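Commentary on secondary and tertiary structure
The primary structure of each chain is shown beneath.
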Amino acid sequence: MRAASETPTEPALPSPELLAERLLPWFDANNRTELPWRRPGTTAWGVLVSEVMSQQTQVARVAPVWEAWMERWPTPADLAAAPTADVLREWGRMGYPRRALRLQECARAIAEDHGGTVPADPAELEKLPGIGNYTAAAVAVFHYGGRHAVVDTNVRRVVARLGGRADAGTATTRADLAATASLLPEDAPTAARVSLALMELGALVCTARKTECAACPLSDACGFSGQEVPAGPSRKRQRYKGTNRHVRGEVMALLRDADGPVERARIDAVWHDVRMVNEAVAQLIEDGLIGTDEAGRFELPSR
């Protein structure tokens, strides 16, 4: 019997060798090869675009936009030279259109500072506009096959559960990176596949709401195996219609579909609350997403 003063210890994470041995055959059989950016021949630029688009947007919505985008602008130089209005139109209704502006800024930096070649070093990638730690590591690993910890929500959850916890708790970047890195084999190509497989496991099997332990290749090496995910506090579905984001989206949709500059009266008609429309328009102008012509009519950026 454990003494009262003793504290329980968390289960040890599986060794990198065991993890790879169990996880990679499962990944080979379950890899979502239908995602277009996983096709053979996808460039580093294509991987980078997919990662930026997939931030805060479901991959099912991203896939058709990514395919059209890559057909139109297959290289950073192509996107760098494109009219910004066209870039925002192609982005469509994926939401958070500032990502489109940052992606074009990123393309310009790659074209001008890196000769059009997406860097392989995460440190260099992080210097690009709009590229953070996760996206930098993802490009370095998923395209270049480097050995780096790639930590998104899915990976954090899988690693936490391997260690016996129901969820990953508050994000702690250094600790999360260190825990994930400890699971990677030394061989870089193998480590790259393990990184993608961990992400896939969290997306398909070890999800936030439930665990499919019977289908998990790591169940007998997992500290959380066989346990139920605790029910969290009930959350009402977040309202979208009538929010600031909704009104901003309606203004952007109007301008994307317009044949030319739009009069203010048409902008005001997108929503019944004039105060909210004014607020949305001011924010969109400040974000560089819309502008005005000499007559004061509204349009997408012309640069």
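Now for a description of the structure that goes with this document. (Residues numbered from 1 in each chain as written. Predicted model: local features only at pLDDT ≥ 70, side-chain atom pairs only at ≥ 80, totals over all residues. Heavy atoms only, no water.)

**Some points on the overall build of the protein**
Helix and strand counts for the protein come out as 14 helices and two strands. Looking at the protein as a whole, 45% of its 303 residues qualify as buried. Sequence separation of at least 24 residues holds for 65% of the intrachain contacts in the protein that already meet a minimum separation of 6. Summing over all exposed atoms, the protein offers an accessible surface of approximately 16000 Å²; the carbon and sulfur share of this is 50%. (Helix = DSSP H or I, 4+ residues; strand = E, 2+ residues; numbered from the N terminus. Buried < 20%, exposed > 50% of the residue type's maximum accessible area, 1.4 Å probe, protein only. Contact = heavy atoms within 4.5 Å. Areas by Shrake-Rupley, 256 points an atom, 1.4 Å probe, with all protein chains shown as cover.)

**So, empty space enclosed by the protein**
A water-sized probe rolled over the atoms picks out the places where empty space is left. For the coordinates displayed, the defined rule picks out one cavity of 30 Å³ or more. Quantified by volume, the largest cavity comes out at close to 120 Å³. Around the largest cavity, the lining comprises 15 residues; the ones closest to its centre are Arg 161, Cys 206, Cys 213, Cys 216 and Cys 222. Looking at the lining of the largest cavity element by element, the count peaks at three residues for helix H9 (residues 153-162). Of the residues in the lining of the largest cavity, the class split is ten nonpolar, three polar and two charged. (1 Å grid on protein atoms, 1.4 Å probe; cavity = no way out; pocket = protein on both sides within 12 Å on 5 of 7 lines; lining within 4 Å. Points joined across faces, edges and corners; volume = space filled by probe spheres on them. Nonpolar A, V, L, I, M, F, W, Y, C, P; charged D, E, K, R; others polar.)

**Here we look at the layout of surface pockets**
Taken as a whole, the largest pocket encloses approximately 1800 Å³ of empty space. In this structure, the largest pocket is lined by 46 residues; those nearest its centre are Asp 152, Thr 153, Asn 154, Arg 157 and Ala 203. Residue assignment for the lining of the largest pocket shows that the elements contributing at least two residues are helix H2 (44-53), helix H3 (59-72), helix H8 (133-142), H9 and helix H11 (188-204). In terms of residue class, the lining of the largest pocket is built from 18 nonpolar, 14 polar and 14 charged. Taken together, 16 residues make up the lining of the second largest pocket; nearest its centre are Gly 95, Tyr 96, Pro 97, Tyr 240 and Arg 245. It is helix H12 (residues 244-257) that contributes the most residues to the lining of the second largest pocket, five residues altogether.

**Brief notes about H12**
Between its first and last C-alpha, H12 extends 20 Å over 14 residues, near the 20 Å set by a 1.5 Å rise per residue. Taking burial as the measure, the 14 residues of H12 include ten buried ones, the bulk of the element. Among the residues of H12, His 246, Val 247, Arg 248, Gly 249, Val 251, Met 252, Ala 253, Leu 254, Leu 255 and Arg 256 are the ones counted as buried. Elements that come into contact with the buried residues of H12 comprise helix H5 (84-91), helix H13 (264-268), helix H14 (274-286) and strand S2 (298-299). (Expected span 1.5 Å × (residues − 1).)

**Points about unusual backbone geometry**
Although it is not a glycine, Gln 56 adopts a positive phi angle of roughly 65°. Tracing the chain through its elements places Gln 56 in the loop between H2 and H3. A relative accessible area of 59% places Gln 56 in the exposed class. A positive phi angle, close to 50°, is found at Tyr 96, a residue other than glycine.

**Describing the packing of aromatic side chains**
Tallying each qualifying case throughout the model produces three aromatic pairs. On the basis of an interplanar angle of 70° and a centroid distance of 5.8 Å, the ring pair of Trp 37 and Trp 66 is categorised as edge-to-face. Of this pair, Trp 37 sits in the loop between helix H1 (16-30) and H2 while Trp 66 sits in helix H3, and the two are 29 residues apart along the sequence. Like Trp 66, Trp 37 is buried. A ring pair is formed by Trp 69 and Trp 73, whose centres lie 4.8 Å apart and whose planes are at 75°; its orientation type is edge-to-face. For Trp 73, a relative accessible area of 5% translates into the label buried. Joined through ring pairs, the aromatic side chains of Trp 69, Trp 73 and Trp 91 make up one cluster. (Phe/Tyr/Trp six-rings, centres within 6.5 Å; stacked < 30°, edge-to-face > 60°.)

**Observations concerning the environment of Gly 146**
With respect to the secondary-structure elements, Gly 146 resides in the loop between H8 and H9. Along the primary structure Gly 146 and Arg 256 are separated by 110 residues, whereas in three dimensions their C-alpha atoms are 39 Å apart.

**Section: the side chain of Arg 256**
Tracing the chain through its elements places Arg 256 in helix H12. Setting aside its immediate chain neighbours within four residues, Arg 256 contacts Leu 88, Arg 89, Gly 92, Arg 93 and Leu 300.

**With respect to the nonpolar core**
With 57 residues, the main nonpolar core has Trp 45, Leu 48, Met 53, Trp 69, Leu 103, Leu 125 and Ile 267 as its most contacted residues. Of all the secondary-structure elements, those providing two or more residues to this core are H2, H3, helix H4 (76-80), H5, helix H6 (98-113), H8, H12 and H14. Once residues lying within four places of it in the same chain are set aside, the contact partners of Ile 267 are Val 251, Leu 254, Leu 255, Val 262, Val 277, Val 281 and Phe 298. Grouped together as the second largest cluster of nonpolar side chains are 29 residues, Leu 19, Leu 196, Ala 197 and Cys 206 included. (Core = buried A, V, L, I, M, F, W, Y, C linked by side-chain atoms within 4.5 Å.)

Purely geometric numbers; function is a separate question.
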